[in-house]
Amino acid sequence: MALSSTARLPAAPPAGPASPARRPGRLRRRIAPYGFLAPFFGLFAAFGLFPLLYTAWVSLHRVELQTSDRMDWLGFQNYTRLLSDPFFWNALRNTFTIGVLSTVPQLLMALGLAHLLNYRLRGRTFFRVAMLMPYATSVAAATLVFAQLFGRDYGLINWVLSSLGVHPVDWQANTWASQFGVSAIVTWRWTGYNALIYLAGMQSIPGELYESAAVDGASRWQQFRHVTVPGLRPTIVFTVVVSTIGATQLFGEPLLYEGNSGGGISHQYQTLGLYLYEQGWTFFHLGRAAAVAWVMFLLIVLLALLNAAIAARRNRTDR
Amino acid sequence: MRPPRVRRSTAALGSAVLATALLLSACSSGGSGSKDSADGKVTITVDLFGTFGFKEAGLYDEYMKLHPNVTIKQTDTQDEGQYWQALQTKLAGGGGLADIQGLEVGRVASVVQKQADKFTDLKTLGIGDVNDGLVPWKGAAIKTGDGKVLGAGTDVGPEAICYRTDLFQAAGLPTDRTELAAKWSTWQGYLDLGKQYAAKAEAGNAWTDSAAGMFTAEVGQQKVRYSDEAGKPVYDSSPAVKTAWTDATALVADGLSAKLAQWTPEWNKAFSTGKFATLSCPAWMIGYIKGQAGDAGSGKWDIAAGPGKTGNWGGSYLAVPRTAKHPKEAAELIKWLTAKEQQATLFTKQGSFPSSIGAQDAIKDVADPYFNNAPIGQIFSESAKAMPAQVLGTDDGVIGKAFTDALGEVERTGTAPDTAWKHALDNVKKANGN
């Protein structure tokens, strides 16, 4: 829809005197869109497609960063080795648990916040802008602040806990606590962003639906459940897909949480992204890092397809 | 399986592609040197880790006074692991390297065997003799099989124990350094005294910072640690590693560790808050303590000969990468910085123990006011005298980190020592790509 309407735009008659150059002009106009698109596809080929294919090629070799002018052919050995590496499965498991720990509460909170923001509030614009502030903060800054808050000996959170008489927690060494810490950063950064997307979706739901629901005696909670959520379904599917991809690629937060690529002393919060980075830039096995990159890529494609399938099925059952 | 093939051109291209993202930022800072040669002025960039102390000891200022056309710019990464990682990335891409790069002793075997072509042979810069006056093993470790000299030795790391006299007093322990040195002449003695301390000290006030510190110090006392003379890895069976592991895990079991990971912000903070009473102290740690504990710590610290009376932990080299903008000027600066006079100054002001024999003779009577006027010259000279000529392997850095990480698990998550030992071996395997 959107595409065809924008494509028709240049075909509108030109404002000035157009008659003499009419024919070549039409040809130019037909080619012009491709010309405008070309830079993107050119850049994509150079910086997107080529690295992708080259990474695939590298993943079939033994390449070490320290001697990177040598490439020894391995076939699929990097991949088979990967699948038998307990650290890979550990990273996959962590990516999943951190993904769930961060995405699920994040989206639920975003939905609730958007619902609240959708009411007539005083200072609505202020709240909306404020929601986006965490998203505008850099990962590095946010993570460093959170790492301080979660500090074992001098962190604010442990200080509060111990003043409440609770035993302080080692937020970095303990498996669940550290995964919770990383998830908290992700949740903090992205909740507002998703809330604004939900808000945009909510505003396209016709007001009459709410009015008639109110006339029928539906409470605000019932309105939320029976009007807002069904109306938002496409938006929710979109945010779930985007968040899933984001969670699969999670990297900056766990890397900076303690400042090392191992993901904690026992790799307890090492994600796939960190595992890739560790293989490539800590242990200097570029070939194996490339294999991890491709496995992650395939995993994301798989997850996106799965999401699409679920969404399609739900749409079908609705009808 | 198909036989391995070597493809050079595509690989070079590939390494560039793979490194591009990480290098983009680094490259921009590397270009500063080119434009300043026009008016005869030269900016020499120096990239180091930890605390080398050149700047703190005023050596750069002195050199710039002697050479008005030279400006020295230093960048610094606290954690050597992170520094090494960044250095390798830059070496692979060939950009963003400083004129002078520091190298830790645990990494030099790897540099000599795998990356000799990435650094300039100091002989070609006219300072091939720069290591001649040093303890012999120091120069030998950075020389390639075909005689290239890839770096100049700065300091070595003879070991002692640094301790807080105020905390010792509060716990009713003696504070005299000779008496203490006698009590902890063995690691068992050190643990026993620790138990006495723990019984009387305030809660939250541990005997030492970490099991890792003790482990590294103890392993550093043996000639063969992680690899044998033939270059074969022996970390899983070497008596040095086993003994140090047993002692370090006993330290944790006795509750003597503050459970701090070294080189982290929490560790740094603990220097000033007095969270631990003792610390394994290679000579260069003196400068680090001064930097972290600051003026408020002056007079609170003291230093005594450590268990085993000897050992080597760390010590560094200065090298000139192939891509250096001003290799000649860098070589001159290196020669000056590592000359015996400057090594002696560095020890007096910062505590980094000289590898130059001439400087070692000159600093025997140095005392440090920050450490209650402890005779650091005498203590570290005694320790250096019996220092082993360590066998260095290509993976020493990686192996050492695997074991100290595993000790972190034991102390912070309560993992059983046997399980953590297995983790350490797994981590070495993972790093080596087996």
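Every value quoted in this text rests on a predicted model; they were computed, and no experiment measured them.

Parameters at a glance
- Residues numbered from 1 in each chain as written.
- Chains lettered and ligands numbered in written order.
- Predicted model: local features only at pLDDT ≥ 70, side-chain atom pairs only at ≥ 80, totals over all residues.
- Heavy atoms only, no water.
- Disulfide = S-S within 2.5 Å.
- Helix = DSSP H or I, 4+ residues; strand = E, 2+ residues; numbered from the N terminus.
- Buried < 20%, exposed > 50% of the residue type's maximum accessible area, 1.4 Å probe, protein only.
- Contact = heavy atoms within 4.5 Å.
- Buried area = accessible area lost by both parts, 1.4 Å probe.
- Salt bridge = Lys/Arg side-chain N within 4 Å of Asp/Glu carboxyl O.
- Polar contact = N/O pair within 3.5 Å; in protein donor to acceptor, adjacent residues only side chain to side chain.
- Nonpolar A, V, L, I, M, F, W, Y, C, P; charged D, E, K, R; others polar.
- UniProt positions renumbered as here; feature names shortened; annotations may be inferred.
- Phe/Tyr/Trp six-rings, centres within 6.5 Å; stacked < 30°, edge-to-face > 60°.
- Lys NZ or Arg CZ within 6 Å of the ring centre and 35° of its normal.
- Pairing = 2+ DSSP bridges.

A. Representation of the state of the cysteines within the structure. Residue and element names in this part refer to chain B. Scanning the entire structure with this criterion turns up one disulfide over all chains. Here C162 pairs with C281 through a disulfide, and the sulfurs are 1.9 Å apart. Because the torsion about its S-S bond is -105 degrees, the bridge between C162 and C281 counts as left-handed. Linking C162 in strand β4 (residues 152-164) with C281 in strand β6 (residues 276-282), this pair joins segments that are 119 residues apart in sequence. Considered together, C162 and C281 belong to a single accessibility category, that of buried residues.

B. The arrangement of helix α14 (residues 340-350) of chain B in detail. Those residues of α14 of chain B that sit buried are Q342, Q343, A344, L346, F347 and Q350 of chain B. At the exit of α14 of chain B stands G351 of chain B, carrying a positive phi of roughly 90 degrees.

C. Seen up close, the interface of chain A and chain B. Residue-level contacts link 43 residues of chain A with 47 residues of chain B. Together, the buried faces of chain A and chain B total about 4000 Å²; carbon and sulfur atoms form 55% of this surface. Contact with chain B buries surface across chain A, with Q66, Y154 and I265 of chain A losing the most and accounting together for 19% of the total. At the boundary of chain A with chain B, the tally comes to three salt bridges. The shortest N-O distance in the salt bridge between E278 of chain A and K430 of chain B comes to 2.7 Å. Between chain A and chain B we count 13 residue pairs in polar contact (both at pLDDT 80 or more) in total. The set of elements that each furnish at least two residues to the side of chain A that touches chain B consists of α2 (22-58), β2 (72-73), α3 (77-83), α13 (272-282) and α14 (286-318) of chain A. Its residues assigned to classes, the side of chain A that touches chain B comprises 18 nonpolar, 15 polar and ten charged.

D. Quick look at the UniProt feature "domain: ABC transmembrane type-1" (unreviewed entry) in chain A. Under the UniProt annotation, "domain: ABC transmembrane type-1" (unreviewed entry) lies at residues 92-307 of chain A. Annotation note: span residues 92-307 of chain A, helix share 76%, strand share 0%, distance between end C-alpha atoms 19 Å.

E. Looking closely at unusual backbone geometry. Here H267 of chain A, not a glycine, exhibits a phi torsion of approximately 60 degrees, which is positive. Mapped onto the elements of the fold, H267 of chain A is located in the loop between α12 (252-258) and α13. Not every positive phi belongs to a glycine, and K259 of chain B is a case in point at roughly 60 degrees.

F. Inspection of the packing of aromatic side chains at higher detail. Residue and element names in this part refer to chain B. Tallied over the entire structure, the rule returns 53 aromatic pairs over all chains. Relative to W207, the ring of W184 has its centre 6.3 Å away and its plane inclined at 65 degrees; by these criteria the two rings are edge-to-face. With W184 in the loop between α7 (177-183) and α8 (187-200) and W207 in strand β5 (residues 206-208), this residue pair connects regions lying 23 residues apart in the sequence. Just as W184 is buried, W207 falls in that class too. Among the aromatic side chains, those forming a connected cluster through ring pairs are W263, W267, F271, F276, W284, Y288, W301 and W313. Over the ring of W301 we find R164, and its NZ or CZ is 5.8 Å from the ring centre.

G. Quick look at the UniProt feature "transmembrane region" (unreviewed entry) in chain A. Taking the UniProt record as the reference, the feature "transmembrane region" (unreviewed entry) is found at residues 31-54, 96-117, 129-150 and 291-312 of chain A. Strand forms 0% of residues 291-312 of chain A and helix 100%; the C-alpha atoms that close the span are 32 Å apart.

H. Just the pairing of strand β7 (residues 301-305) of chain B, in detail. Residues and elements named next belong to chain B. Across the five residues that make up β7, a large majority, four, are buried. One ladder, built from five bridges, connects β4 with β7; its direction is antiparallel. When the bridges of β7 are listed, C162 appears paired with I303.

I. Layout of the pattern of salt bridges. All names here are of chain B. Per the stated rule, a full pass over the model turns up 22 salt bridges over all chains. A salt bridge links D192 to K195; the shortest N-O distance between them is 3.9 Å. Highlighted residues: D192 and K195, both in helix α8, separated by three residues, approximately one helical turn. Residue classification places D192 among the partly exposed positions, given a relative accessible area of 36%. Judged by its relative accessible area of 39%, K195 falls in the partly exposed class. The shortest N-O distance in the salt bridge between K223 and E229 comes to 3.2 Å.

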